Amino acid sequence: MMPVVLWTDALVFLLIACAAGAGFYVGRREYLLASWRRVGESRAGMAALTVLLAFVAVGLLDSLHYRPRLDVAAGKPGGGYSTEVRSALDALLLPLKAATEKTYSAPLATHLYAKETVELPDGSQARLFPRLKHGGAHLQDAEAKWGRDVALRVLRGLALAVLCGLTFAALAAQLAARHWGIGRLAAWRRIRRGETRIAWNAVLATLAVLLLIAGPVASLAGGYHVFGTDKVGQDVLYLTLKSIRTGLVIGTITTLAMLPFAVALGIAAGYLGGWVDDVIQYIYTTLNSIPGVLLIAAAVLMVQVAIDTHPDWFATGAQRADARLLALCLILGVTSWTGLCRLLRAETLKLRELEYVQAAQAFGASAIRVMGRHILPNVMHIVLIAVVMDFSGLVLAEAVLSYIGIGVDPSTISFGTMINTARLELAREPVVWWSLLAAFVFMFVLVLAANLFADAVRDAFDPRLAGRRAALREKTA
Amino acid sequence: MLAYIVRRLLYAIPILIGVNLLTFALFFVVNTPDDMARMQLGVKRVTPEAIEKWKAERGYDKPLLYNGAADGAEKVTSTIFFEKSVKLFVFDFGRADDGRDIGHEIRTRMGPSLAIAVPTFVLGLFVTVSFALLLAFFRATYLDFWGVVVCVAMMSVSSLFYIIGGQYLVSKVWHLVPISGYAGGPDAMRFLLLPVLISVVAGIGSSTRWYRTIFLEEIGKDYVRTARAKGLSEPTVLFRHVLKNAMIPILTGVVVVIPLLFMGSLLVESFFGVPGLGSYTIDAINAQDFAVVRSMVFIGSLLYIVGLLLTDLSYTLVDPRVRLQ
């Protein structure tokens, strides 16, 4: 196989490297760690983080791309690689990906959703629900054995999940026991009662719930379409898992793309003032005054024209779709940096007058140095809060934009494209609800986790919340 | 005050010019009219003659900025920039790709857009502010806690889900109102009920939480303690003191969107088949009708600037300390 690094893959790995670097930096500074510990103390925050990390793991697996070697062309010199770009996740889910049916089938069904005219062995024709090619294909007598088989598989999955969960718990107790130098049972009791600084009990409980869901699903996915199949017979579980990466990429790369501009321009406008301030304010007022959707629409249409007129730029369809995804991220970044920029400008205006900045100026520090060494570290909490708060909004925006037709490429699997293709399915008779529901539920869990985590981060980092906390404390006291 | 308004309006001119230049660059420089023609005509049937004809029909066959072939003032006026971009300033939008007058379309479609957007805005503001006050009144109780939980859950649901789910439940299962469509006059009520309701519900989560934060911030301030120390009852403190003072941050977010109500809602209008400006924009995006998109960008920016001005003016109404110079 030949590894392929798409643009968004490269940026995702760059982001991971940045995060690791930041983690290293923070880990060695006690005053920065203190705020993160406050995030760790929040039960909701840690539970949300666990869910987010599960999503991120799926997304990362889906970011390792390669082009498989073709068997047929193996002997040929040069080339010999498929034009289809696959990811590590595809390789894992190959049975699901390959198991396409003819059209819709309900979750866990053994028969197709629609009646078809089939030829019976005796030569006559009949209209009936044909058996699925893959869903429940291992059952000889589907009607009689289906319930038993499903129950058995669920039990097997649950058993596996419990086993995994117990292993995790034992591991956690072991590590904690060594850390505190007490017995394993005592350590486990401490974790369970939440007597740890970091809310490990929330993490383990969330992990348990995730395992209890994932176990049966994985076990059932071996023989059935757990979430059914869509119009062209693709497995909906596969589609939802693939959608995760698109959502994460939109939520993170967009912020990564806009961050340098927002931070540099915001601080420069606030600190330097004068004509620099005027120009930067003019730029963001102008960009802000164009309705976001229309600017995105205009820019995406332009990108699409450029991509369509230059088919020779891209070797594979996946690279073309990836270019559009990246373009969408950049455009979303252009429309979303103004808010952060304005916040940073206002904060810098305040910081500029403080004694430590004036002291730095008195020592003859250059403007760049004051901005970089003295102001930037003191506005980082605003940047961090903005980044985590923006994420969920961007994931939701992707779905809407893809619905309008100015989102990701139609060939990119995302929550938006899933909803878009399924939009008329509720009008069918009987109703096809599974692919819409699967997309919405996955998106809901992702966004909810992101929102809860963002709240925990904001509560830990925002000094302005002191007044609000005082109001709440006064009432409870 | 008047001088301030005039100055702000003058300040709007460079911004509108900037918007205009940006859209001009996006639509004509990054992608030439030739590219647009090729895409509109389809890649297969494209010939140089067809492209020239397409461009001539829509007036894209002139030079971009400077027409050396013309004489006198026409050197500047007989260009794409002047014809397509400068004329927007006098609300001359030209014709859409299907030959209809864009200005006329905008005028007729404004009505249905406002018929949905205004009730949504008023009802939404009333409902969310009431809920937020309720949560602030019961702060630090189980009601408040679960209220916030519900808000966070509601803001994590995609707006598409509210629309699709609402349509399915109310129209298809319960048969209460038509699924989509629009009619003028008193009949409009039946068609407007569901979209307005769904838009309000979809907005509850984030707005309620946001207003609750604002109220709690106000409640933590000293003047509230003074009011309580005077012996005022908690409802009086909330409605007479906190609500009034919280108006300033609330107005910042609210007034700026009032002019944009004209633009309608893209999603709701397209899902419910309402012939408003929102669905007009979506149709134009899907048909890749650049003239319409350009006009809507211009109108949208204009309305946004008006909204900013209105926000500043509204401050003087709710906060006597603010003086505009």
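Cut-offs used in this document
Residues numbered from 1 in each chain as written. Chains lettered and ligands numbered in written order. Predicted model: local features only at pLDDT ≥ 70, side-chain atom pairs only at ≥ 80, totals over all residues. Heavy atoms only, no water. Domains from an automatic or database assignment. Buried area = accessible area lost by both parts, 1.4 Å probe. Salt bridge = Lys/Arg side-chain N within 4 Å of Asp/Glu carboxyl O. Polar contact = N/O pair within 3.5 Å; in protein donor to acceptor, adjacent residues only side chain to side chain. Helix = DSSP H or I, 4+ residues; strand = E, 2+ residues; numbered from the N terminus. Nonpolar A, V, L, I, M, F, W, Y, C, P; charged D, E, K, R; others polar. Pairing = 2+ DSSP bridges. Contact = heavy atoms within 4.5 Å. pLDDT = per-residue confidence, 0-100. Core = buried A, V, L, I, M, F, W, Y, C linked by side-chain atoms within 4.5 Å. Buried < 20%, exposed > 50% of the residue type's maximum accessible area, 1.4 Å probe, protein only. Phe/Tyr/Trp six-rings, centres within 6.5 Å; stacked < 30°, edge-to-face > 60°. Lys NZ or Arg CZ within 6 Å of the ring centre and 35° of its normal.

**Q** How should the domain arrangement of chain A be read in this particular structure?
**A** Residues and elements named next belong to chain A. Domain annotation of chain A identifies domain 1 (7-63 + 243-476) and domain 2 (96-221). Relative to domain 2, the C-alpha centre of domain 1 lies at a distance of 33 Å. Contact with domain 2 buries surface across domain 1, with Arg-43, Thr-50 and Trp-434 losing the most and accounting together for 36% of the total. Where domain 1 meets domain 2, there are 1 salt bridge. One salt bridge in this structure joins Glu-41 and Arg-197, with 3.9 Å as the shortest N-O distance. Connecting domain 1 to domain 2 are 4 residue pairs in polar contact (both at pLDDT 80 or more). Mapped by element, the contributors of at least two residues to the side of domain 1 that touches domain 2 are α2 (30-41) and α3 (43-61). In terms of residue count, α3 provides more of the side of domain 1 that touches domain 2 than any other element does, 6 residues in total. The class makeup of the residues in the side of domain 1 that touches domain 2 is 8 nonpolar, 3 polar and 6 charged.

**Q** Explain the sheet that holds strand β1 (residues 2-4) of chain A here, please?
**A** Hydrogen bonds along the backbone pair up the strands of a sheet, which may run parallel or antiparallel. Spatial ordering of the open sheet is given by β1-β2-β3 (chain A), a layout of 3 strands whose pairing is antiparallel. A strand with exactly one partner marks an edge of an open sheet, and here the two such strands are β1 and β3 (86-87) of chain A.

**Q** Explain the interface of chain B and chain A to me, please; I cannot follow it from the model alone.
**A** Reports often express the size of an interface as the amount of accessible area lost when the parts come together. Listed by partner, the interface residues are 55 residues for chain B and 51 residues for chain A. By the criterion of area lost to chain A, the three top residues of chain B are Ser156(B), Ile164(B) and Ile285(B), representing 12% of everything that side buries. Here chain B and chain A share 1 salt bridge between them. Its salt-bridge partner being Asp455(A), residue Arg209(B) comes within 2.6 Å of it at the nearest N-O pair. The interface formed by chain B and chain A includes 8 residue pairs in polar contact (both at pLDDT 80 or more). Top element by residues in the side of chain B that touches chain A is helix α14 (residues 290-318) of chain B. It accounts for 9 residues. Looking at the side of chain B that touches chain A, its residues break down into 33 nonpolar, 13 polar and 9 charged.

**Q** Just checking my understanding: could you explain the confidence of the model for chain B for this structure?
**A** One rule of thumb: low pLDDT means the predicted coordinates there are not for detailed reading. All names here are of chain B. In this model, chain B carries a mean pLDDT of 84, and residues with pLDDT of at least 70 account for 95%. The least confident element of chain B is helix α4 (residues 74-77), whose mean pLDDT is 69; the most confident is helix α7 (residues 142-155), at 93. At the level of chain-chain contacts, confidence expressed as ipTM amounts to 0.87, with global pTM at 0.90.

**Q** How should I be thinking about the nonpolar core in this particular structure?
**A** Nonpolar side chains in soluble globular proteins tend to end up buried together. Ranked by internal contacts, the top residues of the largest apolar core, which has 165 residues, are Ile419(A), Met443(A) and Leu160(B). The leading source of residues in this core is helix α14 (residues 367-404) of chain A, at 18 residues. Residue contacts for Leu160(B): discarding those within four places in its chain leaves Ala399(A), Val400(A), Tyr403(A), Ile419(A), Phe440(A), Leu267(B) and Phe271(B). The next biggest cluster of nonpolar side chains, apart from the first, holds 17 residues, and it includes Val129(B), Leu216(B), Val237(B) and Leu238(B).

**Q** It is not clear to me how the packing of aromatic side chains should be interpreted in this structure. Could you clarify?
**A** Residues and elements named next belong to chain A. Considering all chains together, one arrives at 10 aromatic pairs over all chains under this definition. Ring geometry for Tyr-104 and Tyr-113: centres 5.5 Å apart, planes at 75 degrees, overall edge-to-face. Tyr-113 shares its class with Tyr-104; the two are buried. These aromatic residues form a ring-pair network of at least three members: Tyr-104, Tyr-113, Trp-433 and Trp-434. Sitting over the ring of Tyr-25, Arg-29 keeps its end group 3.7 Å from the ring centre. Positioned above the aromatic ring of Trp-180 is the side chain of Arg-190, whose terminal nitrogen or guanidinium carbon lies 4.5 Å from the ring centre.

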